[in-house]
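Commentary on secondary and tertiary structure
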Amino acid sequence: MHISAKKEKLQSDYSGFKQIINLHEKIKTINSEDIFTLDMPHWFDANMCAPFGAILSILINKNVNITLNCENQVAEILQKNQFLPNFGFNISSKPDDYGSTIEYMKFDVNDDNKFKKYVETHFGNNVHRLPKMSPGILKKFRESLYEIFGNSVFHSETNYIFACGQYFHLQNRLDFSIVDLGIGFHGNINKKMNLNLSPKEAIVWAMKENRTTKKGGTVPGGLGLKLIKEFIGKNKGKMQIVTYNGYWEFSKGRTTLNTFSSYFPGTVVNIEINTADSSYYFLESEIDYEKIF
């Protein structure tokens, strides 16, 4: 099968996720040891390597021979973030002299420590020009990312988690995507809570306060996405969730819901941070009122 997407842009928006879903729809019927060739889009938001790589991994598991034809600009980006070499292409990685990439990684469900080190490397003060954060809020932010990983492991019934990010210098934004090939928000919620929600409805359910499918224990579940949403709201960034045919987006204080005519076979969480934000973020508990007054 040969598919050409040369005239398209693959960006972190509804249209971009629709392209990923359309690709999945086209390749579902490819059989083992077939040949698949894709002419890549002329522009590629590199964080979209996470959902794109997840889709390609389905073909790899079928022993499909994959060829990606990239224009020079796209090829350079996908070398810098280690995407092409990771897929067995006989091509070396390129140094990221401008510190603009968060490398593409595929994590086994038992790789929680590896994921934590990955997050610590790429999410800290003065890294990728993140807004300034106190030690307490930075710890909470990282823990929120850990929880998204943990939810994929414990609730989605996936085998692997995919992640990738990109710092867009000129646009003052940092996008980071975490992806699984699991049963989706609706699959987990309907199963655990005896509900009958659509994928879109399940995202809305999960994003409300005090909503979790976690049973027992002393640590409340479901806080990771909500804490990140709260930060994104203050930061004036963007957050997107795709699960099967459901699409949820939070931007500029507003939530947008949509559906796709087909589906992504799992869940994508994309976080877009406004790196032009000059605010300093801290927890109220970190304020020393005696020093202030």
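Figured I'd write up the structure that's included with this text. Since we're looking at a predicted model, the values are computed, not measured. (Residues numbered from 1 in each chain as written. Predicted model: local features only at pLDDT ≥ 70, side-chain atom pairs only at ≥ 80, totals over all residues. Heavy atoms only, no water.)

Quick word on the sheet that holds strand β11 (residues 254-274)
Note the cut-off: Two strands pair if DSSP finds at least two bridges between them. Segments assigned H or I by DSSP are reported as helices when at least four residues long, segments assigned E as strands when at least two residues long, and all are numbered from the N terminus. Axis definition: a line fitted to C-alpha atoms, over the contacting stretch in the case of helices. Angles run 0 to 180 degrees between N-to-C directions. Only heavy atoms enter the contact rule, under which two residues are in contact if any of them lie within 4.5 Å.
Ordered in space as β6-β8-β9-β11-β10, the five strands form an open sheet in which the pairing is antiparallel. Of all strands in the sheet, those bounded by a partner on one side alone are β6 (101-108) and β10 (238-251). For this sheet, the mean angle separating the axes of adjacent strands, direction not counted, is 15°. In the sheet, strand β9 (residues 173-180) pairs with β11 via eight bridges, with the strands oriented antiparallel. For Ser177, the partnering residue across the bridge sits in β11 and is Asn270. Along the sheet, helix α6 (residues 135-154) contacts β6, β8 (160-168), β9 and β11; its crossing angle with β9, the most-contacted strand, is approximately 25°. Its contacts with the sheet put helix α8 (residues 199-206) on β10 and β11, and the angle it makes with β10 is roughly 40°.

Details of the packing of helix α1 (residues 14-27) against helix α2 (residues 49-61)
For clarity, the cut-off: The scheme is simple: roughly parallel for angles under 35 degrees, roughly antiparallel for over 145, roughly perpendicular for 65 to 115, oblique for anything else. Charged means Asp, Glu, Lys or Arg here, nonpolar means Ala, Val, Leu, Ile, Met, Phe, Trp, Tyr, Cys or Pro, and polar covers whatever is left, Gly included.
Closest axis-to-axis distance for the α1/α2 pair is 10 Å, and the angle between their directions is 5°. Judged by the inter-axis angle, α1 sits roughly parallel to α2. Residues Ile20, Leu23, His24 and Ile27 of α1 form the contact with α2, whose participating residues are Pro51, Phe52, Ile55, Ile58 and Leu59. Of the residues assigned to the contact of α1 with α2, the class counts are eight nonpolar, one polar and no charged.

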